[in-house]
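# Residue-level structural notes
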Amino acid sequence: MVLGVTLQETLTFKLEDFEGPLDLLLYLVGKNKMNLYDVNIMELIDQYTAAIRTLQANRMDVSSEFIDMAAHLVQMKSALLLPRSPEAERMKAELTGRLIEYSACKEVAAQLGSRARDLYTAVRQPMPLVGAAEYTRRHDPNLLVQAWFNLMGRSLRKRKPTQDRFEPLVTAPFVSVASRVSHMLRGILRGSLHKMSQLFSREESRSTNVATFLALLELIRAGRIRIDDNGTLDLDRSHHRRKEGNARE
């Protein structure tokens, strides 16, 4: 399947030589000597869509994945023509990232392929089977079905849950994030809380540890406390002074 496209220059290649639309896009990037990390997206889209249109105009079969990519690129071009389109920037970054990842995968595949060609592989002829290859034993079909479910890990899913399984969820105490915020601030002010490791304990319930973690994130986000590289907790007293100053103003 020969394709000729007249853009900046005539490109002639076979579509079967490409493993997918990303392969074709990467070829166009290299053909036009573009920087993979700063691709001229508009020019790349024009060349790709022109190539697909040429194939369709010649009534040649085009794989659906190539047509799907062309439709996606046309949508991207429409978004890029709009002023200050966040969606266009997202689509552009996504396509660039996919091209970079695909290029890296091709490079790794080429290196592995070159290493494999240099290896000598010795294999023997398959050994003939000894005895009958057909399984002749007979089993109850229900046992076979149960064995299959056990193998696939479905047997436990089919069992009805008992009340004792829900008991820990129902009886677990509810711990609010606000209560853990107050607990942390009091501990730091009293001097009994110094390290982040003091906040979590295996003896505490999961609800308490989760609430403590969320409270810690909230205090850090609000600028109330700081944590250094050693996990030491420090109360940001300047935050309170700034808050009082703003209130006076």
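Keep in mind that what you see is a predicted model, and the values were worked out from it rather than measured. (Residues numbered from 1 in each chain as written. Predicted model: local features only at pLDDT ≥ 70, side-chain atom pairs only at ≥ 80, totals over all residues. Heavy atoms only, no water.)

## A word on a nonpolar patch on the surface
Stated formally: Patches were defined on residues exceeding 30% relative accessible area and lacking a salt bridge, with like-charge contacts within 9 Å and nonpolar side-chain contacts (Val, Leu, Ile, Met, Phe, Trp, Tyr) within 5 Å. Per-residue and other accessible areas were derived by the Shrake-Rupley procedure at a 1.4 Å probe size, with only the shown protein chains allowed to occlude residues. Each reported salt bridge corresponds to a side-chain nitrogen of Lys or Arg within 4 Å of a carboxyl oxygen of Asp or Glu. Put simply, DSSP H or I for four residues or longer makes a helix, DSSP E for two residues or longer makes a strand, and each gets a number counted from the N terminus.
On the surface, Met-196, Phe-200, Val-210, Phe-213, Leu-214, Leu-217, Ile-220 and Ile-227 cluster together into a nonpolar patch covering about 630 Å² of accessible area. Broken down by element, the residue count for the nonpolar patch peaks at 5 residues, all from helix H9 (residues 206-221). Inspection of the secondary structure assignment puts Ile-227 in strand S3 (residues 225-227).

## So, the packing of helix H1 (residues 21-31) against helix H3 (residues 64-80)
Quick reminder of the rule: The axes are straight lines fitted to the C-alpha atoms, using for helices just the contacting stretch, and the angles between their N-to-C directions are given from 0 to 180°. Angle categories: roughly parallel below 35 degrees, roughly antiparallel above 145, roughly perpendicular from 65 to 115, and oblique for all the rest. The contact criterion used is simple: two residues touch if any of their non-hydrogen atoms lie within 4.5 Å. Each residue is assigned to one of three groups, with Ala, Val, Leu, Ile, Met, Phe, Trp, Tyr, Cys and Pro labelled nonpolar, Asp, Glu, Lys and Arg labelled charged, and all others, Gly among them, labelled polar.
For the pair H1 and H3, the least separation of the axes is 9 Å and the interaxial angle reads 60 degrees. As judged from the angle between their axes, H1 and H3 are oblique. Residues Pro-21, Leu-22, Leu-24 and Leu-25 of H1 pack against Glu-65, Phe-66, Met-69 and Leu-73 of H3. For the contact of H1 with H3, the per-class residue count stands at 7 nonpolar, no polar and 1 charged.

## As for the packing of H3 against helix H4 (residues 86-117)
The condition is simple: Crossings are sorted by hand: turned counterclockwise from the far helix by less than a right angle, the near helix makes the crossing left-handed, and turned clockwise it makes it right-handed.
Packing of H3 against H4 leaves a shortest axis separation of 8 Å and a crossing angle of 140 degrees. With respect to H4, the element H3 is oriented oblique. The element H3 and its partner H4 pack so that their crossing is left-handed. Across the interface between the two elements, Met-69, His-72, Leu-73, Gln-75, Met-76, Ala-79 and Leu-80 from H3 touch Ala-88, Met-91, Lys-92, Leu-95 and Arg-98 from H4. Considered class by class, the residues forming the contact of H3 with H4 number 8 nonpolar, 2 polar and 2 charged.

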